[in-house]
Amino acid sequence: MRALVIVLLTLIPFVAPPVADAQTPLRIMAIGAHPDDCDIRAAGVAAKWAALGHKVRFVAVTNGDAGHQTEGGGALAARRRAEAQEAARRIGVEYVVLDNHDGELLPTVDVRMQIIRQIRQWNADLVLAPRPNDYHPDHRYTGVLVQDAAYMVVVPNVATDTPALRKNPVFMYFQDGFQRPNPFTPDVAVSIDDVIDKKIDMLDAHVSQFYEWLPWVAGNLDTVPKGAAERKQWLRKERATEPTPAVRAALVKWYGPAKGKDIRNAEAFEICEYGTRPDEAMLRKLFPFLPKAE
Ligand SMILES: [Zn+2]
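To keep things clear, this report deals only with the structure shown in the data block. (Residues numbered from 1 in each chain as written. Predicted model: local features only at pLDDT ≥ 70, side-chain atom pairs only at ≥ 80, totals over all residues. Heavy atoms only, no water.)

## What to know about the packing of helix α6 (residues 196-204) against helix α8 (residues 228-238)
Inference 1: Two elements in contact, α6 and α8, have axes separated by 10 Å at closest approach and are oriented at 115°. With respect to α8, the element α6 is oriented roughly perpendicular. For the pair α6 and α8, the crossing hand works out as right-handed. Listed contacts from α8 to I196, D197, I200, D201, L203 and D204 of α6 are R231, K232, L235 and R236.
Inference 2: For the contact of α6 with α8, the class distribution of residues is four nonpolar, no polar and six charged. (Axes fitted to C-alpha atoms, helices over the stretch in contact; angles between N-to-C directions. Helix = DSSP H or I, 4+ residues; strand = E, 2+ residues; numbered from the N terminus. Parallel < 35°, antiparallel > 145°, perpendicular 65-115°, else oblique. Left-handed = near helix turned anticlockwise from the far one by under 90°. Contact = heavy atoms within 4.5 Å. Nonpolar A, V, L, I, M, F, W, Y, C, P; charged D, E, K, R; others polar.)

Next comes the structure, spelled out in structure tokens:
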């Protein structure tokens, strides 16, 4: 009998591990600390996914109630929630703002459970989040929280009120400029030249941030024009950044040398070691707007 079982087992064809195959439409989740973080790092790709009919949800882990020089508390949280909804409406994605205090985020089990539930409810194919080595504690702990959730989303005995995923999503990091302990390594870089107006339009919805709080922190509040069209123009200039050499190299890899060198605006992402590790074919499924392989 034992011999028969062994024979039968050897006859079972090789079964691949439960690597997440991408759904149609794709289900993408970006997770940031504040109600504008995902927009800064991924509005361009979000606009591209949305235009192709894929489903994108942005999640802010805090309500942003500390992000202003003269406003705060519940009134600011309500204002920022409305700005996030308007930003999402402008590019055709969803926006969820969790009710944790801005500036006080910690990687607790409670917040980890909130994030596990978000990823499960969205049934995400791909989750984008910050690396956990940012200057801002909320950003840093959002990175830790998503890392801590990356495996737990498939464990049924954790957060038992929300069914566990059977397939682990792919996790990728937003681009950042931090060098220690190691610099951001772009595995995928996407040209957003064709959607840069949409991205600026999305950022423009966060009036309390891009025209009030961030210029106040930077000490250039007096340079923000008063008129709606003028300040949007100003925002576009403020946000114009050349791809870094590493992102440029990734653009050349994905788009070829001629096109890759001409791209002015890009968003880039690094594969996280946790969750499903995508191969190139999977990355092409997840980022369907990348040019076809030669
Ligand atoms: Zn932030």
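After that view, the rundown keeps rolling.
## Digging into the side chain of Q209
Inference 1: Along the polypeptide, Q209 turns up in helix α7 (residues 207-218).
Inference 2: Residue Q209 is classed as buried on the basis of its relative accessible area, which comes to 3%.
Inference 3: Only 3.3 Å separates the side chain of Q209 from the side chain of R80, close enough to count as a polar contact.
Inference 4: Residue contacts for Q209: discarding those within four places in its chain leaves D36, G67, R80, L214 and P215. (Buried < 20%, exposed > 50% of the residue type's maximum accessible area, 1.4 Å probe, protein only. Polar contact = N/O pair within 3.5 Å; in protein donor to acceptor, adjacent residues only side chain to side chain.)

## A few points about the coordination of the zinc ion
Inference 1: Around the zinc ion, the protein contributes the donor atoms H34 (ND1), D37 (OD), D37 (OD) and H139 (NE2), at 2.1 to 2.5 Å from the metal centre.
Inference 2: What the four donor atoms of the zinc ion show is an angle range of 55 to 124° at the metal, which sorts the shape as irregular.
Inference 3: Taken in sequence order, the residues that donate to the zinc ion follow the motif H-x2-D-x101-H. For the pair H34 and D37, one class covers both residues: buried. (Donors = N, O, S within 2.8 Å, 3.2 Å for Na, K, Ca; no water. Tetrahedral: all angles 85-135°; square planar, octahedral: opposite > 155°, others 65-115°.)

## Details of the packing of aromatic side chains
Inference 1: In total, this model carries eight aromatic pairs according to the counting rule given.
Inference 2: On the basis of an interplanar angle of 85° and a centroid distance of 5.6 Å, the ring pair of F58 and Y95 is categorised as edge-to-face. A residue pair is termed long-range when its members are at least 10 positions apart, and F58 in strand β2 (residues 55-62) and Y95 in strand β3 (residues 94-100) qualify at 37 residues. The exposure classification of F58 matches that of Y95, with both residues buried.
Inference 3: Seen from the ring of W122, R27 lies directly overhead, with NZ or CZ sitting 4.2 Å from the centre.
Inference 4: Over the aromatic face of Y141 sits the side chain of R140, whose NZ or CZ is 5.6 Å from the ring centroid. (Phe/Tyr/Trp six-rings, centres within 6.5 Å; stacked < 30°, edge-to-face > 60°. Lys NZ or Arg CZ within 6 Å of the ring centre and 35° of its normal.)

## Looking at the environment of V97
Inference 1: You can see V97 is positioned in strand β3.
Inference 2: Taking the relative accessible area as the measure of exposure, V97 reaches 7% and is therefore buried.
Inference 3: For V97 and N63, which are 34 residues apart along the polypeptide, the C-alpha to C-alpha distance reads 5.8 Å.
Inference 4: Among all residues touching V97, those that are not within four sequence positions of it are P35, A60, T62, N63, R81 and A84.

Read these as spatial facts, not as claims about activity.
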